[in-house]
Amino acid sequence: DQSGSRTLDAWSGSVGAIWQAYKNFNIFGNFSTAFETPAVIELTNNPSGLGGLNSDLEPRYSFSYETGIKGYIGSSLSYEASVFLIRTKDEIVSFELSQSPGRSFFRNSGNSERVGSEVALFYQIAANLNFQLSYTYSNFKFRDFLDGTLELNDKKIPGIPQNYLFAKMKWSSPSGLFAVWKGKYVDELFVNRENTFVTPDYFLADFQVGIEKEWGEFQGSLFAGIENAADSNYFSNTRINASREAFFEPGPPMSWRGGFQFSFRKKKI
């Protein structure tokens, strides 16, 4: 019998403010609460082996604080920077059982704390050339997590790199030709709650060229590109807290791809 029901409810809300200190300089702050119920698959994957919903899995509650600045420098550079703190009760984490490898189950871990910062820049280098850069720093830890006799306080939350950097440069011409370069750096990250297994850091670069055109109510594009242009070795996916230490799924080497898109849009007069 796979039937069952759960009723989960709570109040949540948010408040924020922004102050325009100067013409192109703003200071902002936000506070919010969040109530996140377990997803259906999280509730129905019952580690007890019985049917119905997992009655032990509870929703998680979060309190979030954020402050930062944003603005413009001249007409070509915009920026935003912020710091945040998120405190969560009853964090939902995944795990696997040795008798069911490859299947994820879920439980509450206790309390956690997320401290981080984000920076984003957008620069219009020329009329047809722009550059954007973003960086995220994440220090996410468990703050009250006792699993049986295993003490996991102050352990890093698995699956989150401490440093993440993304950059993109795009050139486009009035004729419709374009070229895009993307690069990202992903720091090493832990893949299990005990923090005993870690993936190495890596850098990926992609490059794409193509053309975009419009003919009245018709639009089309043709493109070709290289993914993982540096032929880096990396893990494209990690199975958090996987059983039998099967954490890692390798990413593809340097590869080529191409494609086209064609669409019709009726314009209203």
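Please refer to the structure higher up on the page.
Just so it is clear, the model here is predicted, and its values are computed rather than measured.

Peer 1: Explain the overall build of the chain here, please?
Peer 2: Looking only at helices and strands, the chain features one helix and 19 strands. Its C-alpha radius of gyration of 23 Å places the chain more than 25% over the 18 Å reference for a compact globule of 269 residues. Considered along the principal axes of its C-alpha atoms, the chain spans approximately 65 × 50 × 45 Å. When the 269 residues of the chain are sorted by exposure, 30% land in the buried category. By sequence separation, contacts in the chain at least 24 residues apart represent 57% of the contacts at least 6 residues apart. Computed over 26 positive and 29 negative side-chain charges, the separation of the two mean positions in the chain equals 8 Å.

Peer 1: Looking at this structure, how should I read the pattern of salt bridges?
Peer 2: A side chain with one charge can pair with a side chain of the opposite charge if their charged atoms come near. In the structure shown here, the tally under the stated rule is 10 salt bridges. In this structure, R143 engages E113 in a salt bridge whose closest nitrogen and oxygen atoms are separated by 3.4 Å. With R143 in strand β8 (residues 129-144) and E113 in strand β7 (residues 111-126), this pair connects stretches of sequence that are 30 residues apart. R143 sits in the partly exposed class, given a relative accessible area of 36%. By relative accessible area, which is 15% here, E113 ends up buried. Note that D154 is salt-bridged to R143, the shortest N-O span being 2.1 Å. Within this pair, whereas D154 is found in the loop between β10 (150-151) and β11 (163-172), its partner R143 is found in strand β8, the two being separated by 11 residues in sequence. Its relative accessible area of 45% is what places D154 among the partly exposed residues.

Peer 1: It is not clear to me how the sheet that holds strand β16 (residues 218-227) should be interpreted in this structure. Could you clarify?
Peer 2: Strand pairs in the sheet, formed through backbone hydrogen bonds, run parallel or antiparallel to each other. Across the sheet, 11 strands lie side by side as β1-β2-β3-β4-β7-β8-β11-β12-β15-β16-β19; this open sheet has antiparallel pairing. Here the strands that pair on one side only, and so sit at the sheet edges, are β1 (14-22) and β19 (255-264). Taking the axes of each pair of neighbouring strands and ignoring which way they run, one obtains an average angle of 15 degrees across the sheet. Looking at chain direction, β1 and strand β2 (residues 25-36) are connected through eight bridges and run antiparallel. Bridge pairing in β2 places W19 opposite I27.

Peer 1: Please clarify how the environment of F264 should be interpreted in this entry.
Peer 2: Inspection of the secondary structure puts F264 in strand β19. We classify F264 as partly exposed; its relative accessible area is 48%. The spacing of F264 and Y22 is 242 residues in sequence and 45 Å in space, taken between C-alpha atoms. Beyond its immediate chain neighbours, meaning those up to four positions away, F264 contacts E217, F218 and Q219.

Peer 1: Can you walk me through the side chain of S112 in this structure?
Peer 2: Within the element layout of this structure, S112 appears in strand β7. Within polar-contact distance, the side chain of S112 engages the side chain of R114 at 3.3 Å. The contact partners of S112, leaving out residues within four places of it in the chain, are I86, R87, T88, E91, K141, F142, R143 and I157.

Peer 1: Sorry if this is basic, but what is going on with the nonpolar core here?
Peer 2: Buried together is how nonpolar side chains tend to be arranged in soluble globular proteins. F84, V93, F140, F142, F145, L152 and I157 form the largest nonpolar core, which has seven residues in total. Residues within four places of V93 in sequence aside, it is in contact with F105, F106, R107, S109, F142 and F145.

Peer 1: It is not clear to me how unusual backbone geometry should be interpreted in this structure. Could you clarify?
Peer 2: Peptide bonds are mostly trans, and most non-glycine residues show a negative phi. The phi torsion at N195 lies on the positive side, around 60 degrees, for a residue other than glycine. Inspection of the secondary structure assignment puts N195 in the loop between β13 (189-190) and β14 (198-199). Phi at N241 is positive, roughly 55 degrees, even though this residue is not glycine. Its relative accessible area of 12% is what places N241 among the buried residues.

Peer 1: Help me understand the packing of aromatic side chains in this model?
Peer 2: Between two aromatic rings, the relevant description is the distance of the centres plus the angle of the planes. A complete count under the given rule lists 10 aromatic pairs for this structure. Judged by centre distance (5.0 Å) and plane angle (40 degrees), the ring pair of F197 and F247 falls under tilted. Within this pair, whereas F197 is found in the loop between β13 and β14, its partner F247 is found in the loop between β17 (235-238) and β18 (248-250), the two being separated by 50 residues in sequence. Relative to F262, the ring of F218 has its centre 5.7 Å away and its plane inclined at 20 degrees; by these criteria the two rings are stacked. Taken as a pair, F218 in strand β16 and F262 in strand β19 lie far apart in primary sequence, 44 residues in all. Through a chain of ring-to-ring contacts, three or more aromatic side chains come together here, namely F197, F235, F247 and F248.

Reading guide: rules and limits
- Residues numbered from 1 in each chain as written.
- Predicted model: local features only at pLDDT ≥ 70, side-chain atom pairs only at ≥ 80, totals over all residues.
- Heavy atoms only, no water.
- Helix = DSSP H or I, 4+ residues; strand = E, 2+ residues; numbered from the N terminus.
- Rg over C-alpha atoms; globule rule 2.2 N^0.38 Å.
- Buried < 20%, exposed > 50% of the residue type's maximum accessible area, 1.4 Å probe, protein only.
- Contact = heavy atoms within 4.5 Å.
- Lys, Arg positive; Asp, Glu negative; His and termini not counted.
- Charge placed at Lys NZ, Arg CZ, Asp CG, Glu CD.
- Salt bridge = Lys/Arg side-chain N within 4 Å of Asp/Glu carboxyl O.
- Pairing = 2+ DSSP bridges.
- Axes fitted to C-alpha atoms, helices over the stretch in contact; angles between N-to-C directions.
- Polar contact = N/O pair within 3.5 Å; in protein donor to acceptor, adjacent residues only side chain to side chain.
- Core = buried A, V, L, I, M, F, W, Y, C linked by side-chain atoms within 4.5 Å.
- Phe/Tyr/Trp six-rings, centres within 6.5 Å; stacked < 30°, edge-to-face > 60°.

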